[in-house]
Amino acid sequence: MKLQRKNGLRATALGALAISGALVLTACGSDDNAGGTGGSGEKTNAASNVKCEGAKGQLLSAGSTAQKNAMDLWVKNFQAACSGVEINYQAIGSGGGITKFNQGQVAFAGSDSALKPEEVTESKKICKTGQGINLPMVGGPIAIGYKLSGVDNLVLDAPTLAKIFDSKIKKWDDEAIKKLNPDAKLPSTTIQAFHRSDESGTTQNLGKYLSEAAPADWKYDPKTKSWPAEGGQAANGSSSVASSVKDTEGAIGYFELSYATASKMSTVKLDTGAAAPVEATTENASKAIGAAKIKGTGNDLALSLDYKTKVEGAYPIVLVTYEIACDKGNKAETLPTLKAFLNYAVSEEGQKVLADADYAPLPAEIATKVREIVPTLS
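Since the structure is predicted, the reported quantities are computational estimates derived from the model, not experimental observations. (Residues numbered from 1 in each chain as written. Predicted model: local features only at pLDDT ≥ 70, side-chain atom pairs only at ≥ 80, totals over all residues. Heavy atoms only, no water.)

Draft legend 1. Representation of the overall build of the chain in the model. Check the secondary structure of the chain and you find 13 helices and 15 strands. Looking at the chain as a whole, 55% of its 378 residues are labelled buried. Within the chain, residue pairs in contact and separated by at least 24 positions form 77% of the contacts whose partners lie at least 6 positions apart. (Helix = DSSP H or I, 4+ residues; strand = E, 2+ residues; numbered from the N terminus. Buried < 20%, exposed > 50% of the residue type's maximum accessible area, 1.4 Å probe, protein only. Contact = heavy atoms within 4.5 Å.)

Draft legend 2. How the structure looks around helix α5 (residues 158-165). For α5, the tally of buried residues reaches six of eight residues, placing the bulk of the element in the interior. Taken as a whole, α5 has its buried residues at Ala-158, Thr-160, Leu-161, Ala-162, Ile-164 and Phe-165. Ser-167 occupies a position one or two residues after α5 and carries a positive phi of about 65°.

Draft legend 3. Molecular detail of the packing of aromatic side chains. Enumeration over the complete set of coordinates arrives at eight aromatic pairs. Look at Phe-165 and Tyr-254: their rings are 5.9 Å apart centre to centre, the planes differ by 80°, and that puts the pair in the edge-to-face class. Here Phe-165, found in helix α5, pairs with Tyr-254, found in strand β9 (residues 251-256); they are 89 residues apart in sequence, far enough to count as distant. According to the relative accessible area criterion, Phe-165 is buried, its value standing at 2%. The class for Tyr-254 is buried, based on a relative accessible area of 1%. Put simply, the rings of Phe-165, Trp-218, Tyr-220, Trp-227 and Tyr-254 touch in pairs and so form one group of aromatic residues. (Phe/Tyr/Trp six-rings, centres within 6.5 Å; stacked < 30°, edge-to-face > 60°.)

Draft legend 4. Region of the structure containing the state of the cysteines. Evaluated as defined, the whole model comprises two disulfides. Through a disulfide, Cys-127 is tied to Cys-326; the S-S separation comes to 2.1 Å. Looking down the S-S bond of the Cys-127 and Cys-326 bridge, the torsion is -75°, so its handedness is left-handed. Of this pair, Cys-127 sits in helix α4 (residues 117-127) while Cys-326 sits in strand β14 (residues 318-326), placing them 199 residues apart in sequence. Cys-326 shares its class with Cys-127; the two are buried. Counting only the cysteines that take part in disulfides, in the order they occur along the chain, gives the pairing 1-2, 3-4. (Disulfide = S-S within 2.5 Å.)

Draft legend 5. Focus on unusual backbone geometry. Even without a glycine there, the phi angle at Glu-53 is positive, about 45°. Position of Glu-53 relative to the elements: it lies in the loop between β1 (24-25) and β2 (57-63). Despite not being glycine, Lys-128 has its phi angle at roughly 60°, a positive value. In this structure Lys-128 comes out as exposed when scored by relative accessible area, which is 63%.

Draft legend 6. Spatial organisation of the environment of Gln-233. You can see Gln-233 is positioned in strand β8 (residues 233-235). On the basis of relative accessible area, Gln-233 is assigned to the partly exposed category, the value being 34%. Between the alpha carbons of Gln-233 and Ser-244 there is a distance of 9.3 Å; along the sequence they are 11 residues apart. The contact partners of Gln-233, leaving out residues within four places of it in the chain, are Gln-192, Ala-193, Phe-194 and His-195. Within the structure, the side chain of Gln-233 is placed 2.6 Å from the side chain of Gln-192, a separation counted as a polar contact. (Polar contact = N/O pair within 3.5 Å; in protein donor to acceptor, adjacent residues only side chain to side chain.)

Draft legend 7. Geometry of the nonpolar core. Within the largest apolar cluster, 114 residues are counted, with the highest numbers of intra-cluster contacts made by Trp-74, Phe-78, Leu-161 and Ile-252. Every residue in contact with Phe-78, bar those within four places of it in the chain, is listed here: Val-50, Lys-51, Ala-55, Val-85, Ile-87, Ala-340, Phe-341 and Tyr-344. (Core = buried A, V, L, I, M, F, W, Y, C linked by side-chain atoms within 4.5 Å.)

Draft legend 8. Broad picture of helix α10 (residues 282-289). Counting buried positions along α10 yields six of eight residues, so the element is predominantly enclosed. Within the span of α10, buried status applies to Thr-282, Asn-284, Ala-285, Ser-286, Ala-288 and Ile-289.

Draft legend 9. Just the packing of helix α2 (residues 68-81) against helix α11 (residues 335-346), in detail. Their axes nearest at 10 Å, the elements α2 and α11 cross at an angle of 120°. Classified by the angle between their axes, α2 and α11 sit oblique to one another. For the crossing formed where α2 meets α11, the hand is right-handed. Only Ala-340, Phe-341, Tyr-344 and Ala-345 of α11 make contact with α2, whose side of the interface consists of Met-71, Trp-74, Val-75, Asn-77 and Phe-78. For the contact of α2 with α11, a count of residues per class yields eight nonpolar, one polar and no charged. (Axes fitted to C-alpha atoms, helices over the stretch in contact; angles between N-to-C directions. Parallel < 35°, antiparallel > 145°, perpendicular 65-115°, else oblique. Left-handed = near helix turned anticlockwise from the far one by under 90°. Nonpolar A, V, L, I, M, F, W, Y, C, P; charged D, E, K, R; others polar.)

Put into structure tokens, the structure is as follows:
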């Protein structure tokens, strides 16, 4: 399929949703784990159709905590199909993953944001004859989770959310929150806002949303992966932020929807200017991701997301998680395993095994392009 770089991808995203199902992911893993001998060489596991294609030994990778639940499923199934293969993924945050990749410590990095120009330049030292490229692998909503006794339905908009995370709104019964929730019994409880302590693409995507949707109230650099505002409480990784919110009355924080689902946590609905507030669901995230445009060139598939969308039912705080690898100059001893694993992750089956966790599917057009590029890695 020819990729039209400037066209919106909404229709294809919804098509992918129909094909893949509503990819409602939890942190639990899949029971659809195919056992089998697999092994290296051109063997295919009959139960799972995982093509091992010469995969062998250990493959090191690191990065995004947002994709950890997806990665756990992929690794589990791939290793079950391909004997003697170990995929070691360290969920240390996008910034840490990119650092390790550009230091040559890992074969690929997971990141919730595309490489910056200076990071691409740095990658050329490791990739030798090529450079690091961004390969979208899975998308999903960034949920705003909260714990507030007696309040099960909470609506916020971008300016109010910006002021909460910037410590400008400090009480749950603030007039701005009451105006958005006239029927809620809001207590005077102090707001405990949690954010990431590590460098994170999740933080960056939230920052981009706040910068674009509430520019008068969030004036920090939208490109930073580090939390820029003063105040609040910090926790390392999405899982720690989620558990902190779950355990703290009056708390609010941001993390991938799978963490909220696993904790049975209430999440904020967003007033985007559409007719009705929008809930953080995979289907609603797909509507927003479907409006994305490709900004990368050549084999780089970095996406530009529309955080200000007012499309009905489109949830705008989304991220697309990339796997970052060398287009050329990969290490010969790990290249077959790298290609086989990424081929599986982006395959129709690789996407389908995520059916029990909270990730939105890649738009069909983007998934097709990734499937064309991965086999060309050298």
